[in-house]
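Notes for the structure review
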Protein chains: 2
Amino acid sequence: MRILLVEDDVEVARFVKKGLQEAGHTVEQAGNGRDGLFLAASEAFDLLVLDRMLPGGVDGVRIVETLRQQDNRTPVLFLSALSGVDERVRGLKAGGDDYLVKPFAFAELLARCEALGRRPSSEAPVTRLKVADLELDLLSRTVTRAGRKIDVQPREFRLLEHLMRHAGQVVTRTMLLEKVWDYHFDPQTNVIDVHVSRLRQKLDRGFDKPLIHTVRNAGYMIRAEG
Amino acid sequence: MRILLVEDDVEVARFVKKGLQEAGHTVEQAGNGRDGLFLAASEAFDLLVLDRMLPGGVDGVRIVETLRQQDNRTPVLFLSALSGVDERVRGLKAGGDDYLVKPFAFAELLARCEALGRRPSSEAPVTRLKVADLELDLLSRTVTRAGRKIDVQPREFRLLEHLMRHAGQVVTRTMLLEKVWDYHFDPQTNVIDVHVSRLRQKLDRGFDKPLIHTVRNAGYMIRAEG
DNA sequence: AACAGCCCATGCGGATCCTGCTGGTGGAGG
DNA sequence: CCTCCACCAGCAGGATCCGCATGGGCTGTT
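Notes on the structure in this doc start here. Keep in mind that what you see is a predicted model, and the values were worked out from it rather than measured.

1. Regarding the protein's contact with DNA strand C
In the vicinity of DNA strand C lie 23 residues, with A:Gln201, A:Thr214, A:Tyr220, B:Arg155 and B:Thr189 positioned nearest. The sugar and phosphate moieties of DNA strand C supply 69% of its atoms located within 4 Å of the protein. Side-chain polar atom of B:Thr189 to a phosphate oxygen of DNA strand C: 2.4 Å apart, as the coordinates give it. Going through the elements one at a time, helix 8 (191-204) of chain A together with helix 6 (154-165) and helix 8 (191-204) of chain B are the ones with two or more residues in the surface near DNA strand C. Within the surface near DNA strand C, the residues separate by chemical class into 6 nonpolar, 9 polar and 8 charged.

Put into structure tokens, the structure is as follows:
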């Protein structure tokens, strides 16, 4: 598990970090709220262990609130010397997932960390892909744009799914042949062009902002703008 | 939120139930482990609040272990008078998600409950249906029995999905015509029989325990035994 | 200006796949 | 024993779907 520890007390930090690493986890560490928030927002962690009180204006609660506002739902465990019920309630209400009072037994911290890591959040399968106002529902095998249902053929669906899973990235023809057609050679025809064309007509016709873009000499890309 | 409370102490149970209800949740209650396990296994809850110690052999930890074994991942909060670190660690390791020691402040219990309820798990859509060793994956549109992949036609897939969504319940022909065929009248033919027959051949051939059962003059039912 | 390379759209043909009906058989229940 | 219900195999119609080829447009180069 990849864990971010934000703790200013050097002694505690070293103790916790060492223990978590010995349990087989990867630990990144920040010594103040600002750095912690930056790391948490810019990289992907499975769990955040935050000191409730931190020097320099940005404390644990502030970090959580900011992250939650950004739709970042990484589980958070608070660590704090503040033992009052009100404090605990406040930490949990702000979006924390657990609250452990110092001093604590490391075994309990570890158990609670692993309980949080057990959550399906990280392994929950994606069931809907979204690019701008275009949505693809893997479960109902349904495509909608701006709320309007669009009928799509199986092969077109696979093509669109692959494009959307790589939204914002160029997808080469070779990749499409491999992943959508299971061709491991060049069919020497314009199959791809044809299907992209059909998709375009279904998705982009009647909308001013096209989503499927051609990247000359490279492939295709799906993206909201550009 | 739909919460199951398993607690033998009448006083505590009433207190907790009342508080949770006032916070806007629906609360079912069981007074012993056996009933609690049965309820938790047979109905869908968003959260289980379990007393760690329960009379009658089936205690909280046992409940969790059993549920987890059945792939039931409903969040669990333990409530207990046992305050030792070892007890807490044991509860969490068994698959619990939080552990609160009695006596506790109700505000904290509520905050912890709601923290657990915030998880995406409760609203995560079902992507796999399972009956005995038969599995149906809605995402990949794949059927497997005992690990072996089984090819299924679209209509057969819809039929099987509908049966599995009502596993253990009789599904009438009328219901099937409505939900699987979108027929709102009686076609006067044995379409259903034919498709059920085909499904049977694919699913049950080569296995000693059939899963699809005929209920004479009623309909069909999919179930592990009986 | 002409050409080459790349990309786009449409129509068509074929093939597979799928589905629903028929009709005869088996078995359960009365 | 009889009747009704359910099962299964085969069949054929149909529809969907897919890929190819063609002709046209655009871009950038010579």
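Now, onward.
2. Description of the interface of chain A and chain B
Opposite the 26 residues of chain A that make contact, chain B presents 27 residues. Together chain A and chain B conceal approximately 2400 Å² of surface at their shared face, both sides included; 59% is due to carbon and sulfur atoms. It is A:Leu92, A:Arg118 and A:Leu139 that lose the most area in chain A upon contact with chain B, and together they represent 22% of the buried surface on that side. Put simply, chain A and chain B have 4 salt bridges between them.

3. A look at the protein's contact with DNA strand D
As a matter of local geometry, DNA strand D sits amid 22 residues, with A:Gln153, A:Arg155, A:Thr189, B:Thr214 and B:Tyr220 nearest to it. Take the atoms of DNA strand D that sit within 4 Å of the protein: sugar and phosphate atoms are 76% of them. Within the side chain of A:Trp181, an N or O atom sits 3.3 Å from a phosphate oxygen of DNA strand D. Between DNA strand D and the protein, one listed contact pairs a phosphate oxygen with a side-chain N or O atom of B:Gln201 at 2.6 Å. Per element, the largest residue contribution to the surface near DNA strand D is 6 residues, and it comes from helix 8 of chain B. The class makeup of the residues in the surface near DNA strand D is 6 nonpolar, 9 polar and 7 charged.

4. What to know about the environment of A:Gly95
Structurally, A:Gly95 is set in the loop between helix 4 (85-93) and strand 5 (98-101). Sequence separation of A:Gly95 and A:Val64 is 31 residues, and the distance between their C-alpha atoms is 6.2 Å. Excluding residues within four positions of it along the chain, A:Gly95 makes contact with A:Val64, A:Arg68 and B:Arg118.

5. Side note on the packing of helix 1 (residues 10-22) of chain A against helix 5 (residues 106-117) of chain A
Residues and elements named next belong to chain A. It is at 11 Å that the axes of helix 1 and helix 5 come closest, and there the two elements cross at 60 degrees. On the basis of the axis angle, helix 1 is oblique to helix 5. As helix 1 runs across helix 5, the sense of the crossing is right-handed. On the side of helix 1, the interface is formed by Phe15, Val16, Gly19 and Leu20, while helix 5 contributes Phe106, Leu109, Leu110 and Cys113. When grouped by side-chain class, the residues that make up the contact of helix 1 with helix 5 number 7 nonpolar, 1 polar and no charged.

6. Thoughts on unusual backbone geometry
Residue and element names in this part refer to chain A. Of note, the amide linkage connecting Lys102 to Pro103 takes the cis form, showing an omega dihedral of -5 degrees. Tracing the backbone shows Pro103 in the loop between strand 5 and helix 5. Located in the positive-phi region is Asn217, a residue other than glycine, with phi close to 65 degrees. Tracing the backbone through its elements, the reader meets Asn217 in the loop between strand 11 (212-215) and strand 12 (219-222).

7. Structural notes on the environment of A:Arg128
Residues and elements named next belong to chain A. Relative to the assigned elements, Arg128 resides in strand 6 (residues 128-131). Through-space distance from the C-alpha of Arg128 to that of Leu139 is 7.9 Å; in sequence the pair is 11 residues apart. Excluding its chain neighbours within four sequence positions, the residues that come into contact with Arg128 are Glu135, Leu136, Asp137 and Leu138. A distance of 2.3 Å separates the side chain of Arg128 from the side chain of Glu135, its partner in a polar contact.

8. Here we look at the packing of helix 2 (residues 33-42) of chain A against helix 3 (residues 60-69) of chain A
Residue and element names in this part refer to chain A. The interhelical angle for the contact between helix 2 and helix 3, taken along N-to-C directions, is 25 degrees, at an axis separation of 10 Å. Overall, the two elements helix 2 and helix 3 adopt an arrangement that is roughly parallel. In the crossing of helix 2 with helix 3, the sense of the turn from one axis to the other is right-handed. Contacts from Gly33, Leu37, Ala40 and Ala41 in helix 2 reach Ile63, Thr66 and Leu67 in helix 3.

Rules and cut-offs
Residues numbered from 1 in each chain as written. Chains lettered and ligands numbered in written order. Predicted model: local features only at pLDDT ≥ 70, side-chain atom pairs only at ≥ 80, totals over all residues. Heavy atoms only, no water. Near = heavy atom within 4 Å. Polar contact = N/O pair within 3.5 Å; in protein donor to acceptor, adjacent residues only side chain to side chain. Helix = DSSP H or I, 4+ residues; strand = E, 2+ residues; numbered from the N terminus. Nonpolar A, V, L, I, M, F, W, Y, C, P; charged D, E, K, R; others polar. Contact = heavy atoms within 4.5 Å. Buried area = accessible area lost by both parts, 1.4 Å probe. Salt bridge = Lys/Arg side-chain N within 4 Å of Asp/Glu carboxyl O. Axes fitted to C-alpha atoms, helices over the stretch in contact; angles between N-to-C directions. Parallel < 35°, antiparallel > 145°, perpendicular 65-115°, else oblique. Left-handed = near helix turned anticlockwise from the far one by under 90°.

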